[in-house]
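# Architecture at a glance
So the chains spell out like this:
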Amino acid sequence: MEKQTLNDVINDLRGRRDCLALAHSNLKNESDKYNKVIITLSLVTGSFESTKMTLNWDNPYIQLVPIFMSSIIGIISALTKFRDFSTKMEVLIQAQSTLTQCLTKARNSTELTP
């Protein structure tokens, strides 16, 4: 849609910038959820190892639990690496910065020029 007034351009830029901010926020929240799961599983695995050693549990099945937990942590870590959250968030931040600069220039303008 063609913008007819400077105010239309400013409103459009503001809306686009806000959409990018929302996308960044959602991506960061998703990344944080994965990181919290990894930290929690790591702590549980460490606690289980300590308990196992303190109580001298020698059951072969109990010996396998930390291995499985570590494998799950590795799978989740690989998934977050594959999803490449940090690069995506960086691109969104750069786009937000560019839109903010354009918005500042538009706000400082007095008329709409081609």
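Just so you know, the residues in each chain are numbered from 1, in the order the chain's sequence is written. In keeping with the model being predicted, local features are shown solely for residues with a pLDDT of at least 70 and side-chain atom pairs are shown and tallied solely at 80 or more, while totals for entire chains, interfaces and linings include all residues. Side-chain numbers come from the whole structure's heavy atoms, not from hydrogens or water.

We now examine the packing of helix α1 (residues 6-54) against helix α3 (residues 85-108). Each axis is a line fitted through C-alpha atoms, taken for helices only over the stretch in contact, and angles between the N-to-C directions span 0 to 180 degrees. By the criteria applied, helices consist of DSSP H or I runs no shorter than four residues and strands consist of E runs no shorter than two, each listed in order from the N terminus. The N-to-C vectors of α1 and α3 enclose an angle of 160°; their axes lie 9 Å apart at closest approach. In terms of orientation, α1 lies roughly antiparallel with respect to α3. Classified by chirality, the crossing of α3 by α1 is left-handed. Three classes are used, and their members are as follows: Ala, Val, Leu, Ile, Met, Phe, Trp, Tyr, Cys and Pro are nonpolar, Asp, Glu, Lys and Arg are charged, and the others, Gly among them, are polar. When the residues that make up the contact of α1 with α3 are grouped by side-chain class, the tally is 17 nonpolar, four polar and seven charged. In what follows, roughly perpendicular refers to angles from 65 to 115 degrees, roughly parallel to angles under 35, roughly antiparallel to angles over 145, and oblique to any angle outside these ranges. By definition, turning the near helix anticlockwise from the far helix through less than a right angle yields a left-handed crossing, and turning it clockwise yields a right-handed one.

At asparagine 56, a residue that is not glycine, the phi angle is positive and equals roughly 55°. Checked against the element boundaries, asparagine 56 lands in the loop between α1 and α2 (60-83).

By secondary structure assignment, the location of valine 44 is in helix α1. The sequence separation of valine 44 and proline 66 amounts to 22 residues, and the corresponding C-alpha distance is 9.3 Å.

The next subject is the packing of α1 against α2. Close contact between α1 and α2 brings their axes to 10 Å; oriented N to C, the two are set at 165°. For the element pair α1 / α2, the angle class is roughly antiparallel. The interaxial crossing formed by α1 with α2 has left-handed handedness. Taken together, the residues of the contact of α1 with α2 break down into 14 nonpolar, six polar and four charged.

Time to look at the side chain of histidine 24. Here histidine 24 shows up in helix α1. Residue histidine 24 is classed as buried on the basis of its relative accessible area, which comes to 17%. We call two residues in contact when some of their heavy atoms are within 4.5 Å. Residues in contact with histidine 24, not counting those within four places in the same chain, are Met89, Leu92, Ile93 and Gln96. Throughout this description, buried means an accessible area under 20% of the type-specific maximum (1.4 Å probe, protein chains only), exposed means over 50%, and partly exposed covers the range between.

Remember, this is a structural readout, not a statement about activity or role.
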